[in-house]
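Structural description and commentary
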Amino acid sequence: ESRRLSGGAGEAWDVVKGVTLGTIVLAAAGLLLRVSFITPPMVQSVWLVATGLTVVWRLLLRVMLGFVRRAGRNLRLLLVIGSGPRARRLIERLESRAEIGYRVIGYMDCPQGGNGNHGYPDQAIGDLPYLGDLKELPAILAHNVVDEVFVTLPMKSFYDRIAMVVRLCEEQGISVRL
């Protein structure tokens, strides 16, 4: 599971839970099999060393991946659906944190109908390319490398369109985040 958007604290907590479970299994096996060298101090030492080393290793790996991603490697190519305030906040957050490794390839939006903009969003999002109306999504997914799609449209107002986006992305094996 990708942990690009989560902080290191959640990952460290998962490590603590996993090592704790493993240590409990080790201690239980030692008791059931009556292994003499599995003593409470040994189990405690195993837990402390395994937890400490694993947490430190995972945090070092996270730092190294940050350097690699800032250098333009190990990136996930992202398509944003929507152009409103949510989309703008998301894009600002992703652009301000290069270490998480997302590159936004562009955005798509729904025509607002009757506003004379011929399918273009009301406002551009920085220098990002506008890739078109959602009707063009199948072609965009077919002709571009897209690793993830972030949907920033309001759920209640655009439920049918969002369901269509999710279905199309699932068919292509593309992760969708709402």
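One structure accompanies this document, and this report is about it. (Residues numbered from 1 in each chain as written. Predicted model: local features only at pLDDT ≥ 70, side-chain atom pairs only at ≥ 80, totals over all residues. Heavy atoms only, no water.)

Quick notes on the overall build of the protein chain
In plain terms, the rule: Helix and strand assignments come from DSSP, with helices taken as H or I runs of at least 4 residues and strands as E runs of at least 2, each series counted from the N terminus. Classification of residues uses two cut-offs on accessible area relative to the type maximum, computed with a 1.4 Å probe and protein chains only: under 20% is buried, over 50% is exposed, and between them is partly exposed. Any two residues whose heavy atoms approach within 4.5 Å are treated as being in contact. Methods summary: accessible areas were calculated by the Shrake-Rupley approach with a probe of 1.4 Å, and residue burial reflects only the protein chains presented.
Each helix and strand counted, the protein chain has five helices and five strands in total. For the protein chain, the N- to C-terminal ordering of α and β elements is α-α-β-α-β-β-α-β-α-β. Dimensions along the principal axes, computed over C-alpha positions, put the protein chain at roughly 80 × 35 × 25 Å. Counting across all 178 residues of the protein chain, residues that qualify as buried make up 32%. Sequence-distant contacts, at least 24 apart, represent 76% of the contacts inside the protein chain between residues at least 6 apart. Total accessible area on the protein chain is roughly 11,100 Å²; 60% of this is exposed by carbon and sulfur atoms.

Description of the nonpolar core
So the rule is basically this: We define a nonpolar core as any set of buried Ala, Val, Leu, Ile, Met, Phe, Trp, Tyr and Cys residues linked to one another through side-chain atoms lying within 4.5 Å.
In this structure, Leu79, Ile81, Leu137, Leu141, Val149, Leu153 and Val165 are the most contacted members of the largest nonpolar core, which totals 18 residues. Put simply, the parts of the chain that give this core at least two residues each are strand 1 (76–81), helix 4 (137–143), strand 4 (148–151) and helix 5 (159–172). Looking at which element gives the most residues to this core, the answer is helix 5, with four residues. The contact partners of valine 165, leaving out residues within four places of it in the chain, are Ile81, Leu134, Leu137, Val149 and Val151.

Things to note about helix 1 (residues 8–33)
To keep it simple, the criterion reads: To estimate how far a helix should extend, the number of its residues minus one is multiplied by 1.5 Å.
Over its 26 residues, helix 1 runs 37 Å from end to end, which matches the ideal 38 Å to within 8%, given 1.5 Å per residue. When we look at burial in helix 1, the residues that qualify are Gly8, Glu11, Val15, Val19, Thr23 and Gly30. Elements that come into contact with the buried residues of helix 1 comprise helix 2 (40–70).

Quick word on the sheet that holds strand 3 (residues 130–133)
Short version of the rule: At least two bridges found by DSSP between two strands are what make those strands a pair. All axes here are fitted lines through C-alpha atoms, helices being fitted over the stretch that makes contact, and every angle between N-to-C directions spans 0 to 180 degrees.
On the basis of which strands lie adjacent, the open sheet formed by five strands has the order 3-2-1-4-5 and parallel pairing. The open sheet terminates on both sides in strands that have one partner only, identified here as strand 3 and strand 5 (175–177). In this sheet, neighbouring strand axes are inclined to one another by 25° on average, regardless of whether the strands run parallel or antiparallel. Summarising the sheet, strand 2 (residues 102–109) and strand 3 pair through three bridges and their orientation is parallel. Residue pairing across strands places methionine 108 opposite glycine 132, the latter belonging to strand 3. Packed on one face of the sheet, helix 3 (residues 85–96) meets strand 1, strand 2 and strand 4 and runs near 160° to strand 1. Seen against the sheet, helix 5 touches strand 1, strand 4 and strand 5 and runs at an angle of roughly 170° to strand 4.

A look at unusual backbone geometry
Phi at arginine 34 takes a positive value of approximately 55°, unusual for a residue other than glycine. Mapped onto the secondary structure, arginine 34 falls in the loop between helix 1 and helix 2. Of note, asparagine 74 is a non-glycine position whose phi angle comes to about 55°, a positive value. Relative to the helices and strands, asparagine 74 is located in the loop between helix 2 and strand 1. Asparagine 74 sits in the partly exposed class, given a relative accessible area of 38%.

What about the packing of aromatic side chains?
Pairs of aromatic rings are described using the distance from one ring centre to the other and the angle between the two planes. Which entries qualify depends on this criterion: Think of it this way: a Phe, Tyr or Trp ring, Trp meaning its six-membered ring, pairs with another when their centres are within 6.5 Å, and the plane angle makes it stacked under 30 degrees, edge-to-face over 60, tilted otherwise.
With the rule as written, the count across this model stands at two aromatic pairs. Residues tyrosine 102 and phenylalanine 150 carry aromatic rings whose centres are separated by 5.6 Å and whose planes lie at 75° to one another, so their mutual orientation is edge-to-face. With tyrosine 102 in strand 2 and phenylalanine 150 in strand 4, this residue pair connects regions lying 48 residues apart in the sequence. As far as burial versus exposure is concerned, tyrosine 102 and phenylalanine 150 are alike and both buried. Aromatic pair tyrosine 107 and tyrosine 130: ring centres 5.5 Å apart, planes at 55°, arrangement tilted. Taken as a pair, tyrosine 107 in strand 2 and tyrosine 130 in strand 3 lie far apart in primary sequence, 23 residues in all. Tyrosine 130 matches tyrosine 107 in its accessibility class, with the two residues each being buried.

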